[in-house]
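# Examining the three-dimensional arrangement
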Amino acid sequence: MAVRNGWIVNAGAVAVLLLAIAPAAAQNRSHAGPPDELFAKHRQAFMERMEGGIAIFRAQPEIPRNGDAGYPYRQDSDFYYVTGFTEPGAVAVLRPGAPEGERFVLFVRPHDVAAEIWTGHRAGVEGALENYEADRAYGIDSLDLVIPRYLQGVDRLYFDFSKDHPWAHTEALQGFRAWADTTGAQILGTDAIVNELRLIKGPEEIALLQEAIDITVDAQRAAMAAIVPGMFEYEVEALIEYVFRKRGSPRVGFNSIIGSGPNATILHYEENDRRMEADDMVVMDIGAEWAYYTADVTRTVPVDGEFSPQEAAIYQIVLDAQTAAMDIVRPGATIREIHVEAVEVVTEGLIREGLLEGTVRENIESGAYRRFFMHATSHWLGLDVHDVGPYEAPPGAGPRILEPGMVFTIEPGVYIAEGMEGVDPKWWGIGVRIEDDVLVTESGYRNLSAGAPREIEAIEAIMVGRGVPEVVPGSE
Ligand code: GLY
Ligand code: MN
Ligand code: MN
């Protein structure tokens with residue numbers, strides 16, 4: 001295994017590497033957000049599926065962290081989906097039965113000069129009307145006065161109690177159950193409708209997802225070009241998230257997983273604090289957000305840039321499984337079939353390499369393969385990394401049939417923990433996951449993350465000559 005000595009990683013080196021990706025970042029695209037009509041379209045679709053009544057959505061509350069510091073604010077995905085409104089302290093009401101011009105009501109934090117000096121600009125009631133197309137807008141303090149009026153004569157309320165937070169209550173919201181008890185009205189969740197809508201992405205949403213994925217693909221490539229033995233996992237994380245921010249992504253869609261050596265076998269490892277060794281593999285499971293849509297792309301690479309025979313063998317099994325699983329994607333297929341295919345190819349490969357004994361069928365029936373591949377192959381992807389949408393529809397009716405506009409991941413993996421019993425030590429500590437984001441099209445699928453190299457030769461090619469020589473012009 002080749003170890004490239006004489007290469008260093010330091011702040012100057014990373015800066016030099018980053019110059020290479022600067023041109024892509026210089027396009028000033030950070031404000032190319034969603035088109036205005038997107039949210040109106042979502043509201044309309046939601047209202048068409050309501051059976052009378054009104055729907056109430058709440059913004060994500062701000063969550064305190066410690067002292068006066070809070071967790072970074074991110075809007076609730078459902079609230080964003082129907083409003084596009086990104087501030088906390090807001091409530092949206094949809095009233096399909098009301099006269100035109102009274103159907104979409106926003107309650108927002110009103111302008112407050114003193115508060116805005118501390119915490120920044122607010123859209124205010126005027127902004128809610130002008131920029132978010134609300135038919136009516138009120139200060140959030142009017143909620144308890146106005147909501148009871150909207151509930152009068154209504155026989156059903158769509159409201160998601162499952163999103164309760166102790167600090168997000170108002171009297172009106174707490175009173176819904178009492179209102180339903182006294183009037184005989186029904187309270188239904190918003191999820192049955194909104195999850196189904198969010199499952200099928202429209203062209204505007206696919207463009208936003210593609211942007212999130214393109215940014216993430218660039219970060220994967222930058223990481224491959226920079227990783228050298230001796231670097232810490234958090235340096236890789238920092239480089240990746242630098243690319244995200246440089247390209248205008250406001251945040252990660254989930255905490256970056258950079259797991260090297262034994263950490264490559266921990267599925268949701270997030271500490272990212274280990275020094276990487278030459279004979280490690282490193283799993284990079286990352287996703288930038290763009291306009292609230294997130295990517296989720298994993299690549300696994302050898303830290304020294306060259307796959308050892310054992311690493312190559314396991315990697316090729318996972319790659320073959322992913323390729324075979326992806327080839328199944330088309331309208332009419334199911335995520336279940338995709339998983340079955342991935343499991344079969346992984347199991348076959350593990351038998352071939354002597355990691356499992358017996359036939360493919362025996363290992364699948366007994367579940368023996370799960371020692372090495374213990375997670376699902378796919379999940380929906382969208383505003384949330386594990387996006388909403390039923391995997392069975394209706395519940396109990398069998399797997400969901402794929403339709404154009406669905407986006408999901410394909411991410412088989414093989415994980416051989418250090419010290420795994422009954423396994424030749426030459427395999428210990430190898431963890432491989434390969435994850436791509438696919439869109440179901442009319443005739444098949446599109447791999448939205450195909451720009452990130454997957455083949456062994458392609459990864460080795462990008463890693464050759466990576467890093468920077470010890471003497472870098474302009475760096476000390
Ligand atoms: N990034 C978490 C997952 O792949 O599901
Ligand atoms: Mn995933
Ligand atoms: Mn992932």
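This paragraph deals with the nonpolar core. Membership of the largest hydrophobic core comes to 116 residues, with the highest contact counts inside it found for Met284, Leu402 and Phe408. Counting residues per element, this core draws most heavily on helix 11 (residues 203-226), which supplies twelve residues. Filtering out sequence-adjacent residues up to four positions away, Leu402 remains in contact with Val329, Arg330, Pro331, Gly332, Ala333, Thr334, Ile335, Ile338, Trp380, Phe408 and Val440.

As a further point, take the coordination of the manganese ion (ligand 2). All of the protein donors around the manganese ion (ligand 2) are Asp296 (OD), His379 (NE2), Glu411 (OE) and Glu435 (OE); their distances to the metal are 2.0 to 2.2 Å. Each of the six donor atoms around the manganese ion (ligand 2) contributes to a set of angles spanning 50 to 155°, which defines the coordination as irregular. Each donor residue of the manganese ion (ligand 2) lies on the same chain, and together they follow the pattern D-x82-H-x31-E-x23-E. Separation of the manganese ion (ligand 2) from the manganese ion (ligand 3) amounts to 3.2 Å, with Asp296 serving as a shared donor to the pair. Within this pair, whereas His379 is found in the loop between helix 15 (360-366) and strand 15 (407-410), its partner Glu411 is found in the loop between strand 15 and strand 16 (413-416), the two being separated by 32 residues in sequence.

The subject of this paragraph is the site of ligand 1. The environment of ligand 1 is made up of Phe254, His268, Asp285, Asp296, His379, His386, Glu411 and Glu435. At 3.1 Å, a side-chain N or O of Asp296 approaches an oxygen atom of ligand 1. Contact between ligand 1 and His386: an oxygen atom at 2.6 Å from a side-chain N or O atom of the residue. Burial of ligand 1 by the protein chains amounts to 93% of its free accessible area of 200 Å². Among the residues forming the shell around ligand 1, the class breakdown is one nonpolar, three polar and four charged.

The next subject is the sheet that holds strand 14 (residues 297-302). Strand pairing in a sheet is mediated by backbone hydrogen bonds. Such pairs are either parallel or antiparallel. On the basis of which strands lie adjacent, the open sheet formed by three strands has the order 10-11-14 and antiparallel pairing. In the strand order of this sheet, the two ends are held by strand 10 (257-260) and strand 14, each with one partner. Between one strand axis and the next, the sheet turns by 10° as a mean value, whatever way the strands run. Pairing of strand 11 (residues 281-286) with strand 14 involves six bridges; the strand directions are antiparallel. Counterpart to Asp285 in the pairing with strand 14 is Thr298.

Here we come to the pairing of strand 8 (residues 156-159). Across the two faces of strand 8 the burial is the same, with Arg156 and Tyr158 and Leu157 and Phe159 all buried. Bridge count between strand 2 (residues 54-58) and strand 8: three bridges; the pairing is parallel. Counterpart to Ile56 in the pairing with strand 8 is Phe159. Relative to strand 9 (residues 186-188), strand 8 runs parallel, the two being bridged by three bridges.

With that settled, consider the pattern of salt bridges. In the structure shown here, the tally under the stated rule is 21 salt bridges. Where Glu403 meets Arg400, a salt bridge forms, and the shortest distance between an N and an O atom there is 3.2 Å. The exposure class assigned to Glu403 is partly exposed, which follows from its relative accessible area of 33%. Overall, Arg400 belongs to the buried group, its relative accessible area being 9%. What emerges from the salt-bridge pattern is a single network uniting Asp78, Arg198, Lys201, Asp384 and Asp387.

Glancing now at the confidence of the model for the chain. Summing up the model confidence of the chain, the mean pLDDT is 90 and the portion of residues at 70 or higher is 89%. Note that residues 1-31 has pLDDT below 50 and, in this model, 51 contacts with residues that lie over four places away or in other chains.

Let's shift gears to helix 14 (residues 335-352). Helical geometry note: an α-helix holds 3.6 residues per turn, so side chains three or four residues apart project in the same direction. Here helix 14 is 18 residues long and its end C-alpha atoms lie 26 Å apart, about the 26 Å a rise of 1.5 Å per residue gives. What helix 14 keeps buried is the set Ile335, Ile338, His339, Ala342, Val343, Val345, Val346, Thr347, Gly349 and Leu350. Of the residues one or two after helix 14, Gly354 is the one with positive phi, at around 80°.

Another aspect to go through is the coordination of the manganese ion (ligand 3). The manganese ion (ligand 3) binds to the protein through Asp285 (OD), Asp285 (OD), Asp296 (OD) and Glu435 (OE), with metal-donor distances spanning 2.0 to 2.6 Å. Coordination at the manganese ion (ligand 3) is irregular: its six donor atoms span angles of 55 to 173° at the metal.

Cut-offs and rules
- Residues numbered from 1 in each chain as written.
- Chains lettered and ligands numbered in written order.
- Predicted model: local features only at pLDDT ≥ 70, side-chain atom pairs only at ≥ 80, totals over all residues.
- Heavy atoms only, no water.
- Core = buried A, V, L, I, M, F, W, Y, C linked by side-chain atoms within 4.5 Å.
- Buried < 20%, exposed > 50% of the residue type's maximum accessible area, 1.4 Å probe, protein only.
- Helix = DSSP H or I, 4+ residues; strand = E, 2+ residues; numbered from the N terminus.
- Contact = heavy atoms within 4.5 Å.
- Donors = N, O, S within 2.8 Å, 3.2 Å for Na, K, Ca; no water.
- Tetrahedral: all angles 85-135°; square planar, octahedral: opposite > 155°, others 65-115°.
- Near = heavy atom within 4 Å.
- Polar contact = N/O pair within 3.5 Å; in protein donor to acceptor, adjacent residues only side chain to side chain.
- Areas by Shrake-Rupley, 256 points an atom, 1.4 Å probe, with all protein chains shown as cover.
- Nonpolar A, V, L, I, M, F, W, Y, C, P; charged D, E, K, R; others polar.
- Pairing = 2+ DSSP bridges.
- Axes fitted to C-alpha atoms, helices over the stretch in contact; angles between N-to-C directions.
- Salt bridge = Lys/Arg side-chain N within 4 Å of Asp/Glu carboxyl O.
- pLDDT = per-residue confidence, 0-100.
- Expected span 1.5 Å × (residues − 1).

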